[in-house]
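Geometric and topological summary
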Amino acid sequence: MFGDMMNMMGKLKETQKKVEETKKRLDTVLVDEQSSDNKLSVTLTANREIKSITIDDELLQDKEQLEDYLILTLNKAIEKATKVNESELAAVAKEGLPNIPGMDMFK
């Protein structure tokens, strides 16, 4: 019993380390999103940090339109980045979790 507990604790620490490594790696995974007419494009990391925004000169003429474009395009990019982030972290967590009865939420 005690040996199983030590083994489980070791596995949890190893998984925690892998999760931290995955979070660092996700800083290098880039997600691109463009408006439907390609007048605005954004690039985020999978950790949802904005890296770049490119705006067509035409959008600079209309503040309200630019704001709408930014909101729509950023929200789509954030949603995409979140899906990548969550699936990567869930895969690491699932791989490293010990088999504990009743704790099958990641399966």
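Before going into details, it helps to say that this report is about the structure given with it. (Residues numbered from 1 in each chain as written. Predicted model: local features only at pLDDT ≥ 70, side-chain atom pairs only at ≥ 80, totals over all residues. Heavy atoms only, no water.)

With respect to topology, 3 strands assemble into an open sheet ordered β1-β2-β3, the strand pairing being antiparallel. The sheet is open, and its two edges are formed by β1 (30-34) and β3 (50-55), each paired on a single side. Strand-to-strand twist in this sheet, taken as the mean axis angle between neighbours without regard to direction, amounts to 10°. As paired elements, strand β2 (residues 40-45) and β3 share 5 bridges and run antiparallel to each other. In the strand pairing of β3, Leu-44 is matched with Ile-50. (Pairing = 2+ DSSP bridges. Helix = DSSP H or I, 4+ residues; strand = E, 2+ residues; numbered from the N terminus. Axes fitted to C-alpha atoms, helices over the stretch in contact; angles between N-to-C directions.)

What follows deals with the pattern of salt bridges. All chains considered together, the criterion is met by 10 salt bridges. Between Glu-88 and Arg-25 there is a salt bridge whose closest N-O contact spans 2.4 Å. In this pair, Glu-88 sits in helix α2 (residues 63-96) while Arg-25 sits in helix α1 (residues 2-26), placing the two residues 63 residues apart along the sequence. Between Lys-51 and Glu-49 there is a salt bridge, with its nearest N and O atoms 3.4 Å apart. Given a relative accessible area of 46%, Lys-51 falls into the partly exposed group. What makes Glu-49 partly exposed here is its relative accessible area of 42%. Counted as one network, the salt bridges with shared partners bring together Glu-33, Lys-76 and Lys-80. (Salt bridge = Lys/Arg side-chain N within 4 Å of Asp/Glu carboxyl O. Buried < 20%, exposed > 50% of the residue type's maximum accessible area, 1.4 Å probe, protein only.)

Of all hydrophobic cores here, the largest spans 6 residues; its members are Val-31, Val-42, Leu-44, Leu-74, Ala-77 and Ala-81. Per-element tally for this core: the top contributor is α2, with 3 residues. Contact partners of Ala-77, with chain neighbours within four places excluded, come to Val-31, Glu-33, Val-42 and Leu-44. (Core = buried A, V, L, I, M, F, W, Y, C linked by side-chain atoms within 4.5 Å. Contact = heavy atoms within 4.5 Å.)

Moving on, we come to the environment of Thr-45. The topology assignment puts Thr-45 in strand β2. Among the residues examined, Thr-45 registers a relative accessible area of 1% and is labelled buried. For the pair formed by Thr-45 and Thr-28, sequence separation is 17 residues and the distance between their alpha carbons is 6.4 Å. Dropping the residues within four chain positions of it, Thr-45 is found in contact with Leu-26, Asp-27, Val-29, Leu-30, Lys-51 and Ala-81.

Read these as geometric descriptors, not functional statements.
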